[in-house]
Every structure is written in C-alpha cells, then in structure tokens.
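Topology and contacts: notes
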Amino acid sequence: MAVRGAIEVETELCKGCGVCVVSCPSETIAMSKQVNGKGYNYMYMAHPEKCTGCVNCAVVCPDTVITVYRVKI
Amino acid sequence: MSEKILLKGNEAIAIAAIRCGCDGYFGYPITPQSEILETLSEMNPEKDTGMIVLQAESEVAAINMLYGGAGCGKKVMTSSSSPGISLMTEGISYIAGAELPCVIVDVMRGGPGLGTIQPAQSDYFQIVKGGGHGDYHTITLAPASVQEMNDFVNLSFELAFKYKTPVVILADGVIGQMMEKVELSPIKPRWTDEEIIKLHGDWASTGKTPNRKRNIVTSLDLDPHRQELFNKKLQSKYSEIERNEIRYESLLCDDAEYLVAAYGLSARVSQKAMELARDEGIKIGLIRPITLFPYPYEAIERLVPQMKGILTVEMSAGQMVEDVSLAVRGAIPLYFHGRTGGMLPSPEDIASVIKSIATGNYNPENFPGHNKVWLK
Amino acid sequence: MDITDIIKPENKVYGKSRLLLDKVMHFCPGCSHGTIHKIIAETIDELDIQEQVIGISPVGCAVLAYDYIDIDWQEAAHGRAPALATAIKRLYPDKYVFTYQGDGDLASIGTGEIIHTCNRGDNVTIIFVNNAIYGMTGGQMAPTTLEGMKTATTPKGRSYISSGFPMKITEMLAILPGVVYATRQSVDTPAAERKAKKAVIKAFKCQKLKKGTSFIEFVSTCSSGWKMTPTEANTWMRENMFPVFPPGDVKDETGF
C-alpha cells in the first residue's frame, strides 16, 4: 500500500530558513524564486507528486507554517 | 481575649506573619534580623497553616522567590538587613514593575559596604526613594515599637494587595532586637485560591483556565508609547497612595514653638529628649512619620507657621531631612542631628541641641555625630 | 490523485498545536527557539495539563515566550527564573512549573539560582537553550562559547587563557542528587526533534511523579549570531558544538 501526502504552507509567515528543504527525504519541497510580503523566499511543493506526508518538514519548521495531509492509496 | 507576650521585634514579625495568613517566607540569614527566619523555622508553620518557610541561597534568590510567589497571588514576605536589601533591590524594581504584592522587612544596620552589624537608619534613600532602577516607590512603614513590628505585618499585606505593590517595613537593629510586651494579632486563615480571585481579581499566574485569557506577570513592554502609559498608571497609583495612606503621629504640637521630626527608634529617643527639654521650659513637639512613603509633607507644612525651628533626628548622616526640607521650603531654620556607624542618638544630646537652638546658641561643632543647619 | 483530494481535514496528520498562539514569533529565520517552543506547546497539549502549567521566561531572545504559548507565564529577571520556579512549586506542589532559559541567563548570570534549585531537587523542569552566544544583545561571548569561536566580544576567537572554557553546565548539574534527569538534545533534524520531544514529555512526567529536577539542554543554533545561513548553522553545530556538547542523556534516574 502506498501513501500520498501534501502540505499546506502559510506562505506569508514563512521566513525562508530552508531547514525544511534539507529535511525532506523525497525532495518534494524547495525554496521559491518569489518572495513573500516580508521579502523572504518561501518554501513550496516543487514536486507535489513526490510527497509522502512524512511530516519531517513540519516537525523541523521553527515557525510552524506547514500543515501536513496524508492518504493511503 | 487578646494574647500579650514578651517578644523581640524580629520574633514579633515572624509570629505576625504566621497569624495573618502568610503563604510563604523566603529569606537569607543576615544580622541583625536572622531571628525572623530562625523563629519561623522553629515554629514550622507548614504543619499548621501550610505556610512555606524556605532559606534561600542568597538575598537575590529570596527576592525572586517573592516575585514567583507573589506572581501566583500568594501572600509572601522576606526580611533582610541593609547589605542584603541592596542585593534585593533589582528584584524589588521588577516586583514594582510587574505590580505584585509582597512584604519586605528591612532591619537596618550601618553602612556603607559591610559597615557594621549595629543599628542604623541609613537605608532611607534606598527604600523610600525607590532604590532600584526606574520610577517606582515602595510603600514604607517605619515601626517604633515591637507592637508596631507585629501590627505592621498584617497592615503591610493589606496595603500590598490593595495597591498591588511591594511594601517595606523599615525597622532598625534596635527595634529588631529589643523585647517588649506585644498584643498578638488575631489569627487569620490563609486565603484559598478562590478567595484570592474574589478579593483581588483573577490576574495571577496559577494555570490558565478555559474561562479566561492567559495571565502574564511581567515588567516588560518594548513599545515606548505603552511603556509611558504604564509609567503614568504607576504614578497615578502612587498619587492615590499619597492621598489615602499617609500615617504619622504628632505629640505635644499644640503649643509647640519648636518641632522634632524623627521616625522609628530616633522618634522614641527624641520623645525622651522632648520631655527633658520641656522640663526646661522649651515648648517643643514631635512629629513621627509612620509611613515614609507616602510622606506626611502636609502634616509638617501645617505645623511650620507656629514653629521657630525644626530639628530632624536620624541614625544617618542626613536622609529623611531632605523630605522635611521639602515640607519646610525654607520657611524656618532646619537643623539636623544624626548618628551613624551603630552609634545611637541620646536623649541628652538631642535635648542640648534643642536647648541651644531655643537659646540662639546653636553651633553644630558642639555635638557628636552629624550636625547641620539650613537657615531660612 | 489531485492535491485537493489529499488536503482535507480528515487527512490531516500534522499541524500547529492549539496552544501555539497566532502571533508571529520574533525569532530570526531558522532559530531553534521556535522549534523548542513548538515542542513545549505540543507536550503540554498532549499531556492535557494547560490548566496546571506555569512557565517562566528569561531575559534574552526568549523573553517574549509568553506571547507564543497559551499558558500562564511569569517573566523573570535575568538568571533568576529558577528562584521563581522554586517558590511557585513550593506554593503549588501539584502544578507543572518550567523555566525556559538561554546560556547567558542560566549559565552566566544565573549560575547561583540554577545550582540551588537543582540541589534542592525542586520538582520543576528546566529548559536550557545553549547556542553558545548572546543572541538578543548582538552576539557576545557566552559561557558556552567554543574555544576559538568568534563573537562580538571575542573578535579574534574565544581564548581559554583570557576567557576560560566552554561551560558544560548539564554535566555539572547532573552530579547533584536533586537532579533526576539531565539530558542534552537538539532540534536540527526531524529525528532529533522527535527525540527531544520525548525528553520534554519525560521531564514533565518527572514533575507529576515528584521525582526531582528535570533538566534538558538544547544544543541550538544562532544563525544570526554565528553569521551563517540556518542550514549552515545546523551543519556547523553538528561538526563543532556536538563534540563539546554531545547529545544524549547525561543522567537518567527516572526509572521509567
């Protein structure tokens, strides 16, 4: 049985630290080229199809801007 | 029927604390007030009332334990003597800034530095004018007897909670050590959590319940506008205290032409000196401030028109005399007689100062200790 | 499968703790404080003890912790949080009391208070955030600053000849009989974060069982103070801080 995941990011609250990106085992997320209202490059799902919903990114996020969803398929 | 027993001033403080329903005492030994902690440790009130007694590792820790306990809305107190109070001063500033109620007893000894273990009144500036950083005051009560040492504990807690502010009982080594008969205060049970909330509001940090927002005890506000508003609020609280809580005692002032202003032990000695001077036909009265903050400026001011001169007596090099001066405003000559280093003013010396003033022969060089005059 | 089919309330597996308030934390990007705050909020929520917890915030970067976690707080003078904790716990033995202190607060100005609270074995939890630098005041030397490490007050690097050695406060406190649990954790990886959370839960359980003082050091980063990116700081911490401050339990006499 496989799992699929997805994340929701409060883009405006992301400070662009990038700690989540190196914690992602499936290389799902990346830092955007665009900046948010605070001038930070925010994180986003660059490859949504790879997300397993492992929650690693959310766990290490110091600003708790990530919510994680997972389904079994 | 009220109980009357022979007690040291320091013991009276300890017993009064238990009887008035104090929740916690946190202190550190220092002469001449260690009997407060010793008496409490001996009586072990925890088994009867649940009152906590803890010897802290330092005065710094003790005053911060007070902050923690007071921040929970509990009736907490500490005691120390001058060098220890210096160490507590940071904490007192935080307690004033966080608007917490607590009681601090300062049984003064001589300074500066390690100074002496003998009695003094040289912490007046430190206690009455704030002492620590920032614009704050502590309500300050100055006992002149062992009975007042007893009575002021309960009064201090009442004032502390009424105004959410630290209250200092400013005694000296003599009052702390001397023995007198004392009528003990009635026994009050400690407040329950519900009573604290009912009497004083639900502001303390005791665990956030669903029916209220979280309570935060802090003296920090980084916003300049809000910080100034807070300072204005503090100052209006002090103004309210000045309107409501001034206490003093005046003796033989009706016909007096000269006035002695003194507090605590100096007032007791001055009372004897007043009798000696009256025996020689000098019409002299005494005013004894009981609250040093708020200070009875107006009470002194009202007496000024009938006086030819006013003498301040202190066990310091001249501290309260500055407040007397604010009341006198140069209208009449102001004299000062002070002893320091553990030396005590004597009734005879004070009487001869008074006599020399009344006869126009005053010369500060003629008296021991510290003597000054400001002519009008 | 479309993302919108996955992002549904019933599929939620991780989100913000209800005890974390909406106020955006003032910490710099990547700061360990945020993650540690999150662990504390989640722990209090999971143990369902919000109504019994009193937190004590320090002077330093975490002074405003009370703005972020929805519990009752007291803000202490610099270094004095353990004295507050002692009094609160003595007056309310059944409440949960924790201090949250940085390395300047706990290991420098507050050494007296922390040693004696631990020595009395007060049933409180101490959260000690060690990032080897004074963050709030602009990156000066801390007692835990590494030898050779450059700070605003050791511009040529800390020299033990003039400034002594990085202080291993957790080991120092662990020898006190009053301390039942002393551990060193980090939050630089998901695995470390999960382990650290277990440690915090264990520390709070020590209070419930009245076991004695529980002490958790978080070896942490200060990317602004260290002048690195957050991810560089994590790597630097692993390579340079861990040899001096190795993660793991220093003492565990909890028996559970």
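What comes next concerns the included structure. (Residues numbered from 1 in each chain as written. Chains lettered and ligands numbered in written order. Predicted model: local features only at pLDDT ≥ 70, side-chain atom pairs only at ≥ 80, totals over all residues. Heavy atoms only, no water.)

**Here we look at the interface of chain B and chain C**
Condition: In this description, contact between two residues means that some pair of their heavy atoms is separated by no more than 4.5 Å. Reported buried area values correspond to the accessible surface (1.4 Å probe) lost by two parts on association, with both partners' losses combined. One speaks of a salt bridge when a side-chain nitrogen belonging to Lys or Arg is within 4 Å of a carboxyl oxygen belonging to Asp or Glu. Counting of polar contacts relies on pairs of N or O atoms within 3.5 Å, with two restrictions inside protein: one atom must be capable of donating a hydrogen and the other of accepting it, and residues adjacent in sequence are counted only when both atoms are side-chain atoms. Numbering of helices and strands runs from the N terminus, with a helix taken as a DSSP run of H or I at least four residues long and a strand as a DSSP run of E at least two residues long.
In this assembly, 36 residues from chain B lie in contact with 33 residues from chain C. Roughly 2800 Å² of surface becomes buried between chain B and chain C when both sides are summed, with 58% attributable to carbon and sulfur atoms. Contact with chain C buries surface across chain B, with B:E57, B:K208 and B:R214 losing the most and accounting together for 22% of the total. Our count for the contact surface shared by chain B and chain C stands at four salt bridges. The closest approach of N and O atoms between C:D72 and B:R212, which form a salt bridge, is 2.7 Å. Linking chain B with chain C are 15 residue pairs in polar contact (both at pLDDT 80 or more), by the criterion used here. Residue contributions to the side of chain B that touches chain C peak at eight residues, all from helix 3 (residues 59-71) of chain B.

**Observations regarding the environment of C:M149**
Residue and element names in this part refer to chain C. Along the chain, M149 turns up in the loop between strand 7 (140-141) and helix 6 (160-163). Residues M149 and N240, 91 residues apart in the sequence, show an inter-C-alpha distance of 9.8 Å. The contacts of M149, once residues within four sequence positions are left out, are A132, T154, G157, R158, W226 and W236.

**Quick look at the packing of aromatic side chains**
The following threshold applies: The criterion for an aromatic pair is that two Phe, Tyr or Trp rings (for Trp, the six-membered ring) have centres within 6.5 Å, with stacked assigned to planes under 30 degrees apart, edge-to-face to planes over 60 apart and tilted to the rest. The rule is simple: take the accessible area with a 1.4 Å probe, protein chains only, and divide by the maximum for that residue type; under 20% is buried, over 50% is exposed, in between is partly exposed. Charges are assigned to positions over rings by a cutoff of 6 Å between ring centre and Lys NZ or Arg CZ, combined with an angular limit of 35 degrees from the ring normal.
Within the structure shown, the criterion is met by 13 aromatic pairs over all chains. With a centroid separation of 5.0 Å and 55° between ring planes, the pair formed by B:Y295 and B:Y297 is classed as tilted. On the accessibility criterion, B:Y295 (3% relative accessible area) is buried. With a centroid separation of 4.9 Å and an interplanar angle of 15°, the aromatic rings of C:Y160 and C:F165 are classed as stacked. Residue C:Y160 is classed as partly exposed on the basis of its relative accessible area of 39%. Taken together through their ring pairs, the aromatic side chains of C:W73, C:Y96, C:F98 and C:F204 make up a single cluster. Above the plane of the ring of B:F157 lies B:K75, whose end atom (NZ or CZ) is 5.5 Å from the centre. Its end group placed over the ring of C:Y92, C:K95 keeps NZ or CZ at 5.0 Å from the ring centre.

**Observations regarding the interface of chain C and chain A**
Selection criterion: Residues were grouped as follows: Ala, Val, Leu, Ile, Met, Phe, Trp, Tyr, Cys and Pro as nonpolar; Asp, Glu, Lys and Arg as charged; and all remaining residues, including Gly, as polar.
The partner chain A presents 34 residues to the 31 residues of chain C that form the contact. Looking at the side of chain C facing chain A, the largest losses of area belong to C:I6, C:I7 and C:Y14, adding up to 21% of the total buried there. Run the count over chain C and chain A and you get zero salt bridges. If you look at where chain C meets chain A, you find 11 residue pairs in polar contact (both at pLDDT 80 or more). The residue inventory of the side of chain C that touches chain A, partitioned by class, reads 16 nonpolar, nine polar and six charged.

**Some thoughts on the packing of helix 3 of chain B against helix 3 (residues 81-91) of chain C**
Note the cut-off: Between N-to-C directions, angles cover 0 to 180 degrees, with each direction set by a line fitted to C-alpha atoms, over the stretch in contact for helices. Orientation is classified from the angle alone, with under 35 degrees giving roughly parallel, over 145 giving roughly antiparallel, 65 to 115 giving roughly perpendicular, and any other angle giving oblique. Each helix crossing is assigned a hand: it is left-handed if the near helix lies turned anticlockwise from the far helix by less than a right angle, otherwise right-handed if that turn is clockwise.
The interhelical angle for the contact between helix 3 of chain B and helix 3 of chain C, taken along N-to-C directions, is 50°, at an axis separation of 7 Å. Viewed along their axes, helix 3 of chain B and helix 3 of chain C adopt a mutual orientation that is oblique. Crossing handedness for the pair helix 3 of chain B and helix 3 of chain C: right-handed. Along the contact surface, helix 3 of chain B presents B:A61, B:N64, B:M65, B:Y67, B:G68 and B:G69, while helix 3 of chain C presents C:A83, C:L84, C:T86, C:A87, C:I88 and C:L91. Taken together, the residues of the contact of helix 3 of chain B with helix 3 of chain C sort by class into eight nonpolar, four polar and no charged.

**Considering the arrangement of the chains**
Once contacts are tallied for each of the two pairs of chains in contact, the highest total is for chains B and C. Between chain A and chain B there is no contact, and the shortest C-alpha to C-alpha distance separating them is 21 Å.

**As for the layout of surface pockets**
This is how the line gets drawn: For each structure, a 1 Å grid was placed over the protein atoms alone; sets of points admitting a 1.4 Å probe that cannot get out are labelled cavities, open sets with protein on both sides within 12 Å along at least five of seven lines are labelled pockets, and lining residues have an atom within 4 Å of a point. Grid points are joined across faces, edges and corners, and a volume is the space filled by probe spheres set on the points.
In this model, the largest pocket occupies a volume close to 630 Å³. Every residue lining the largest pocket is counted, 24 residues in all, and those nearest its centre are B:I216, B:T218, B:L220, B:D221 and C:Y66. Broken down by secondary-structure element, the contributors of at least two residues to the lining of the largest pocket are strand 9 (216-217) and helix 9 (224-244) of chain B. Among the elements that make up the lining of the largest pocket, the one with the highest residue count is helix 9 of chain B (four residues).

**Details of the state of the cysteines**
Under the convention used in this document: Pairs of cysteine sulfur atoms within 2.5 Å are what we label disulfides.
Using the criterion set out here, one finds zero disulfides over all chains in the structure. A:C57 takes part in no disulfide bond, and the closest cysteine sulfur to it belongs to A:C54, at a distance of 6.3 Å.

**Some thoughts on unusual backbone geometry**
Residue and element names in this part refer to chain B. Following T31, the chain continues into P32 via a peptide bond in cis, with omega recorded as 5°. Note that the residue after F293, namely P294, is joined by a cis bond; omega there is 5°. Examined against the element boundaries, P294 turns out to sit in the loop between strand 13 (291-293) and helix 11 (297-303). Unusually for a residue other than glycine, R329 sits at a positive phi of about 50°. Structurally, R329 is set in the loop between helix 12 (321-328) and strand 15 (334-338). Owing to a relative accessible area of 64%, R329 belongs among the exposed residues under this scheme.

**Details of helix 4 (residues 82-97) of chain B**
Residues and elements named next belong to chain B. Let me state the cut-off plainly: Multiplying 1.5 Å by the residue count of a helix minus one yields the expected span of that helix. Note on bend: the value at a residue is the angle between axes fitted to the seven residues ending there and to the seven starting there.
Look at helix 4: 22 Å from first C-alpha to last across 16 residues, which is about the 22 Å you get at 1.5 Å a residue. Along helix 4, the sharpest change in direction is near 45° and occurs at M88. Most of helix 4 is tucked away, with 12 of its 16 residues classed as buried. Residues of helix 4 that are buried include every one of S82, G84, I85, M88, T89, G91, I92, S93, Y94, I95, A96 and G97, and no others. Looking one or two residues past helix 4, E99 carries a phi angle of roughly 55°, positive in sign.

**Observations regarding the pattern of salt bridges**
In the structure shown here, the tally under the stated rule is 39 salt bridges over all chains. Across the pair B:K8 and B:E35 runs a salt bridge, and its minimum N-O distance is 2.9 Å. Linking B:K8 in strand 1 (residues 4-8) with B:E35 in helix 2 (residues 34-43), this pair joins segments that are 27 residues apart in sequence. Comparing B:K8 with B:E35 shows no difference in burial state: the two are buried. Taking the shortest distance from any N to any O, the salt bridge between B:K355 and B:E280 comes out at 3.1 Å. Taken together, the positions of B:K355 in helix 13 (residues 347-358) and B:E280 in the loop between helix 10 (264-279) and strand 12 (284-289) put the pair 75 residues apart, joining distant regions of the chain. Bridged by salt links that share partners, the residues B:E57, C:R90, C:R120 and C:D122 form one connected network.

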